[in-house]
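So the chains spell out like this:
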Amino acid sequence: MKNPKDVAEENLLEFSKAIANKVHNGFKVIERNDKLPFAVLLKEGKEVDHNLNFMIFCATFGLWTVPWIYKSQISSKPKKILVAIDEDGNTFEEKCYSE
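Residues numbered from 1 in each chain as written. Predicted model: local features only at pLDDT ≥ 70, side-chain atom pairs only at ≥ 80, totals over all residues. Heavy atoms only, no water.

**Student:** A description of a positive patch on the surface should follow, citing residues and the corresponding values.
**Tutor:** A contiguous patch of positive charge on the surface is contributed by Lys46, Lys71, Lys79 and Lys95. For Lys79, the position within the fold is in strand β3 (residues 79-85). (Patch = residues over 30% accessible without salt bridge, like charges linked within 9 Å, V, L, I, M, F, W, Y side chains within 5 Å. Areas by Shrake-Rupley, 256 points an atom, 1.4 Å probe, with all protein chains shown as cover. Salt bridge = Lys/Arg side-chain N within 4 Å of Asp/Glu carboxyl O. Lys, Arg positive; Asp, Glu negative; His and termini not counted. Charge placed at Lys NZ, Arg CZ, Asp CG, Glu CD. Helix = DSSP H or I, 4+ residues; strand = E, 2+ residues; numbered from the N terminus.)

Rendered as structure tokens:
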């Protein structure tokens, strides 16, 4: 049987690894609290080059419409997530809904 202090340290290490993985994937830490443990991370949206996308749209006779809409509407928006440890000690991630 594991010592509760060892389990808590193990959970905090897993939490830190999850945050490090997200930071490696382009997220920035906005807020972090190791006492509760939770962190709010933000990934800025990408700017879409509509001139290039229009050229590709013309070259593919309109087949580029779906990827262009996806890039314009979904990937260009900033993403905010919450990474935390629940009461069972498991690390989880959840979308933060912006106003």
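**Student:** Explain helix α3 (residues 65-75) to me, using residue names and the numbers behind them.
**Tutor:** Those residues of α3 lying buried are Trp68, Ser72 and Ser75. Angular distribution of buried residues about the axis of α3 spans 130°; they occupy a single face of the element. Away from its buried face by more than 90 degrees, α3 exposes Val66 and Ile69. Where α3 is buried, its residues contact α2 (50-59) and β3. (Buried < 20%, exposed > 50% of the residue type's maximum accessible area, 1.4 Å probe, protein only. Arc of directions from axis to C-beta. Contact = heavy atoms within 4.5 Å.)

**Student:** Describe in detail helix α1 (residues 4-24), supporting the description with residues and values.
**Tutor:** End to end, α1 covers 30 Å across 21 residues, agreeing with the expected 30 Å (1.5 Å per residue, within 8%). Turning to α1, its buried residues are Asn11, Phe15, Ile19 and Lys22. Considered in projection along α1, the buried side chains sweep an arc of 80° and stay on one side of the axis. Exposed positions of α1 whose direction lies more than 90 degrees from the buried face are Lys5, Lys17 and His24. (Expected span 1.5 Å × (residues − 1).)

**Student:** Quick rundown of the nonpolar core? Include the residues and the values.
**Tutor:** Among the nonpolar cores identified, the biggest contains 8 residues, and these are Phe15, Ile19, Phe27, Ala39, Leu41, Ile81, Val83 and Ile85. Secondary structure elements with two or more residues in this core: α1, β2 (38-43) and β3. In terms of residues, this core owes the most to one element, β3, which gives 3 residues. When near neighbours in sequence (up to four residues on either side) are disregarded, Phe15 contacts Arg32, Asp34, Pro37, Phe38, Ala39, Val83, Ala84, Ile85 and Thr91. (Core = buried A, V, L, I, M, F, W, Y, C linked by side-chain atoms within 4.5 Å.)

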